[in-house]
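Single-letter residue listing:
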Amino acid sequence: MAHEIDPKRTALLTIDLQNDFLHPEGAYGRAGQTAEAIAALPARIKPVVDALRTKGGTYISAQFTLVPGPGEEPLIAPHLKELRPFLGKGDFAPGKFGHALVNTLAPADYTVEKVAYSALYQTRLEYILRALNIDTLIIGGIVTNGGVASTVRDAHLRNIHTILLSDGCAAFKQEVHDATLVSLGSICPNVTCAEMVDLLS
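Residues numbered from 1 in each chain as written. Predicted model: local features only at pLDDT ≥ 70, side-chain atom pairs only at ≥ 80, totals over all residues. Heavy atoms only, no water.

The chain goes by Nicotinamidase-related amidase in an unreviewed UniProt entry, where it is assigned to Marivita hallyeonensis.

Here's what the structure looks like:
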């Protein structure tokens, strides 16, 4: 990898690894919307979190948020309501069980609420990165072709060096995940979680 990693200026950023996506009692679990590849991510990413923290790095969790309105009725984008009609009151609501980071990875050093695919779109993430003088993001989470890809591209536009954890992200379909890794390969290196731990060691 050509880019020299300074752990103290590096953050691991996970996208949407929340109970409402991964826990059996979360919104997606209750609706039967699960995938083994997604369920395996927290345990695979945890050693990266530990290795980076040991070297003085930072762990940031970006968490999908449905903003609750009057009567706790959430604001849901029309395309999402069509794709996921099971989403409703209390799902992905700040402070609720479903919105929280999964236990395996909790707590993060910083948490960012996100309302769209990219963790950099209308969030405080960029402020946190600048305040901590972070110039490198290691990115994992879900889904590879959605929030992960959008965040990688947005970071690239901001001249933030990105490294994608190839087995630290997943999609509901393996072929979609694989195609996205190929697509993103032109703007960021792909490494496995184990390779990342070795690099940090």
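### Remarks on the pattern of salt bridges
The line we're drawing: Note on definitions: salt bridges are taken to be side-chain nitrogens of Lys or Arg within 4 Å of carboxyl oxygens of Asp or Glu. To qualify as a helix, a DSSP run of H or I must reach at least 4 residues; to qualify as a strand, a run of E must reach at least 2; elements of each kind are numbered from the N terminus. Only protein chains enter the accessibility calculation, which uses a 1.4 Å probe; a residue is then buried when its area is under 20% of its type maximum, exposed when over 50%, and partly exposed in between.
Counting across every chain of the model gives 9 salt bridges. Put simply, R9 and D135 hold a salt bridge, and the shortest N to O gap is 3.5 Å. Remark: D135 occurs in the loop between α6 (125–131) and β4 (136–142) and R9 occurs in the segment before β1 (10–15); sequence separation between them is 126 residues. The class for R9 is partly exposed, based on a relative accessible area of 29%. For D135, a relative accessible area of 27% corresponds to the partly exposed category. The partner of R158 in a salt bridge is D154, with the nearest N and O atoms 4.0 Å apart. What makes R158 partly exposed here is its relative accessible area of 29%.

### Digging into the pairing of β4
The criterion, for reference: By definition, two strands form a pair when at least two bridges between them are found by DSSP. Here is how to tell: hold the view so the strands point away, follow the path from the first strand over the helix to the second, and if it runs clockwise the crossover is right-handed.
Counting buried positions along β4 gives 7 out of 7 residues, so the element sits mostly inside the fold. The alternating pattern of β4 places T136, I138, G140 and I142 and L137, I139 and G141 on opposite faces, both of which are buried. Here β1 pairs with β4 via 6 bridges, running parallel. Bridged to T10 within β4 is T136. For β4 and strand β5 (residues 161–170), the ladder comprises 6 bridges, and the chain directions are parallel. Its bridge partner lying in β5, I138 is registered against I163. Handedness of the crossover joining β4 and β5 through helix α7 (residues 144–157): right-handed.

### Description of the packing of helix α4 (residues 41–54) against helix α9 (residues 193–200)
So the rule is basically this: Lines fitted to the C-alpha atoms define the axes, with helices restricted to the stretch that makes contact. Angles between their N-to-C directions range from 0 to 180 degrees. Roughly parallel means an angle under 35 degrees; roughly antiparallel means over 145; roughly perpendicular covers 65 to 115; every other angle is labelled oblique. The contact rule is simple, with two residues in contact once any of their heavy atoms fall within 4.5 Å. In this classification, Asp, Glu, Lys and Arg are treated as charged, Ala, Val, Leu, Ile, Met, Phe, Trp, Tyr, Cys and Pro as nonpolar, and every other residue, Gly included, as polar.
Closest axis-to-axis distance for the α4/α9 pair is 9 Å, and the angle between their directions is 10 degrees. As far as their axial angle goes, α9 and α4 are roughly parallel. Within the contact between the two elements, α4 uses R44, I45, P47, V48, A51 and L52 and α9 uses C193, M196, V197 and L200. Of the residues assigned to the contact of α4 with α9, the class counts are 9 nonpolar, no polar and 1 charged.

### Describing the environment of L41
In this structure, L41 sits in helix α4. Expressed as a C-alpha distance, the spacing of L41 and V148, which sit 107 residues apart in the sequence, is 13 Å.

### Some details on the packing of aromatic side chains
Condition: Stacked, tilted and edge-to-face pairs are distinguished by plane angle, under 30 degrees for stacked and over 60 for edge-to-face with tilted covering the rest, among Phe, Tyr and Trp rings (Trp via its six-membered ring) whose centres lie within 6.5 Å. By definition, being over a ring means that NZ of Lys or CZ of Arg is both within 6 Å of the ring centre and within 35 degrees of the ring normal.
Under the defined criterion, the tally for this structure stands at 7 aromatic pairs. Between the aromatic rings of F21 and F92, the centroid separation amounts to 4.6 Å while the plane-to-plane angle is 55 degrees, which identifies the pairing as tilted. In this pair, F21 is assigned in helix α1 (residues 19–22) and F92 in the loop between α5 (78–83) and β3 (110–114), connecting sequence segments 71 residues apart. Residue classification places F92 among the buried residues on the basis of a relative accessible area of 0%. Here F64 and F92 contribute two aromatic rings whose centre-to-centre distance is 5.2 Å and whose plane-to-plane angle is 70 degrees, an arrangement assigned as edge-to-face. Note that F64 is positioned in strand β2 (residues 58–64) and F92 in the loop between α5 and β3, a separation of 28 residues in sequence. For F64, a relative accessible area of 11% corresponds to the buried category. Three or more aromatic residues link up through ring pairs in this structure, and these residues are F21, Y28, F64, F86, F92 and F172. Over the ring of F172 we find R84; its NZ or CZ atom is 5.7 Å from the centre of that ring.

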